[in-house]
Amino acid sequence: MEWSCSKYRPRATITPVSVPPQGPRGHSGLLWIHLLSGRGLKPTGHADHFRDLYCVIECDRIHKARTVIRTGEHSFDWDEIFEIDLVENREVAFLLYTWDPRFRHKLCYKGTLHLSALLRESPVHSLALKLEPRGTLYLKLRYKSPTQTFQRMPAPSDTALFGADLERVLVREDSGYGVPLIVKRCTEEVERRGLDIVGIYRLCGSALRKRLLREDFERNTLMANLSVEHVPDINVVTSLLKDYLRELPEPLLSRSLYDMLVDGLSVCLPDDPDGSAKLMFSILECLPKANLCTVLLLLDHLRLIASHCDRNKMTPQGLAMAFGPVLMCHAETPTATVDIRRPIDIMNFLVEMWPNKRSEYSFRCRMFFNK
């Protein structure tokens, strides 16, 4: 594959000298990255005889995505797209690794983009990023602010799954589970093969594979193929689940309930964890039946994920960063300001306080829908 270099603006790895326009905490929202190719990636020494390279994308030194391995001499074509959640991030780094029998994953090249300077110019870029110690990475990126990310547009048709009203989906599916099949099936698949995956729900999968899986679910939610043979990367499944929740026309935790949770969290006492938990859980019970059952399933699921944090490295705080905004944020107008931090704090509290035993809450959900 040949790329025309003329339209890609050279970008050096530099240190930022100004405060990011979103404030000292950095940028939140979604960052669409199309990683095209690497050129001029010559071996760094006579002892290097690599032929295989892959790229890891990091935000503030935290892994967010990884490409497949490509083979080449000096030129490598990835042509992969990722949609990365940003939560108060300041920089995006691209690290190119090869497998080395002595050093395992050996870092060969690195380039960094500082979001403050980059996004001040434009939200859309085609870049030729200079790497250290040599070489160039060609990529495109497009940034969506929290206001754009959480506009929650309604579904384009009455038969659509993504963007459809939760109650309408449950009536149409008539599964008896009390939650959308996509939520039930995706969480079950993650629990089947993703509990020990480092960075589960933090890492994103290929946008192309995610789109294909999304089309499967739009055709038939019950028959969509989630098997490891069809979807080898479990991060595609987790990314799709977050997209579904982000695109609900109303947040799963509605605006009125979110305000109640904010007030409740403000009066929770550190020396009374049981009382604080009861207060927050009683607020959740004010949700509509469909929302409540879906929230109960997700909290059971996230608590299970967090219980394996010694292996998957996903603490309640990490899971809260992945799920707080998609469950609570809503930009009701094109100029609305979206608070990312409070939903994360609320979600962190809920996951930390949620009981490990699932039976009581699952039973209550079934009881609601069997009345």
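Check the entry above for the structure.
The model shown is predicted, which means the values in this text are computed figures rather than measured ones. In every chain, residue numbers begin from 1 and rise along the written sequence. Side-chain atom pairs in this predicted model are given and counted only at pLDDT of 80 or more, local residue features only at pLDDT of at least 70, and totals for whole chains, interfaces and linings cover all residues. Calculation of side-chain values draws on the structure's entire complement of heavy atoms; hydrogens and water are dropped beforehand.

**Student:** How should I be thinking about the environment of Arg90 in this particular structure?
**Tutor:** Segments assigned H or I by DSSP are reported as helices when at least four residues long, segments assigned E as strands when at least two residues long, and all are numbered from the N terminus. Structurally, the position occupied by Arg90 is in the loop between strand 6 (76–89) and strand 7 (91–100). Under the relative-accessibility criterion, Arg90 is labelled partly exposed at 48%. Each C-alpha atom, one on Arg90 and one on Leu115, is 5.5 Å from the other, the two residues being 25 residues apart in sequence. The cut-offs for exposure are 20% and 50% of the maximum accessible area for each residue type, with area from a 1.4 Å probe on protein chains only; residues under the lower value are buried, those over the upper are exposed, and the others partly exposed.

**Student:** Can you help me understand the environment of Pro43 in this one?
**Tutor:** Relative to the assigned elements, Pro43 resides in the loop between strand 2 (27–39) and strand 3 (52–59). The sequence separation of Pro43 and Glu73 amounts to 30 residues, and the corresponding C-alpha distance is 8.6 Å.

**Student:** Any chance you could explain the packing of helix 7 (residues 255–267) against helix 8 (residues 273–284) here in plain terms?
**Tutor:** In helix packing, the relevant descriptors are the interaxial angle and the interaxial distance, both defined with respect to the helix axes. To define axes, lines are fitted to C-alpha atoms, for helices over the stretch in contact only, and angles between the resulting N-to-C directions are given on a 0 to 180 degree scale. The N-to-C vectors of helix 7 and helix 8 enclose an angle of 175 degrees; their axes lie 10 Å apart at closest approach. One way to sum up the angle between helix 7 and helix 8 is to call them roughly antiparallel. Between helix 7, through Leu257, Met260, Leu261, Gly264, Leu265 and Val267, and helix 8, the contact on the second element is made entirely by Leu279, Met280, Ile283 and Leu284. The nonpolar class holds Ala, Val, Leu, Ile, Met, Phe, Trp, Tyr, Cys and Pro. Asp, Glu, Lys and Arg form the charged class, and all remaining residues, Gly among them, are polar. Here the residues of the contact of helix 7 with helix 8 sort into 9 nonpolar, 1 polar and no charged. When an angle is under 35 degrees it counts as roughly parallel; over 145 it counts as roughly antiparallel; between 65 and 115 it counts as roughly perpendicular; any other value is oblique. We call two residues contacting when some pair of their heavy atoms lies within 4.5 Å.

**Student:** Could you clarify how one ought to interpret helix 3 (residues 166–173) in this entry?
**Tutor:** One full turn of an α-helix is made of 3.6 residues, so residues set three or four places apart face in the same direction. Where helix 3 is concerned, the buried positions are Leu166, Val169, Leu170 and Glu173. Along the axis of helix 3, the buried positions cluster into a sector of 95 degrees, meaning they face one direction only. Among the residues trailing helix 3, Asp174 stands out with phi positive, at a value near 50 degrees. This arc describes the spread of directions from the helix axis toward the C-beta atoms.

**Student:** Could you clarify how one ought to interpret unusual backbone geometry in this entry?
**Tutor:** Glycine aside, negative phi is the norm for most residues, and most peptide bonds take the trans geometry. That bond from Glu132 to Pro133 is cis: its omega, 5 degrees, falls within 30 degrees of zero. Within the secondary structure, Pro133 sits in the loop between strand 9 (124–130) and strand 10 (136–144). One non-glycine residue, Asp79, lies in the positive phi region at around 50 degrees. Inspection of the secondary structure puts Asp79 in strand 6. Take Asp79: its relative accessible area is 36%, and that puts it in the partly exposed class. Its identity is not glycine, yet Glu88 carries a phi of approximately 55 degrees, on the positive side. Mapped onto the secondary structure, Glu88 falls in strand 6. Overall, the relative accessible area of 18% leaves Glu88 in the buried class.

**Student:** Help me understand the environment of Leu31, please; the structure alone is not making it clear to me.
**Tutor:** Turning to its location among the elements, Leu31 is positioned in strand 2. In this structure the C-alpha to C-alpha distance between Leu31 and Arg142, which are 111 residues apart in sequence, comes to 5.9 Å.

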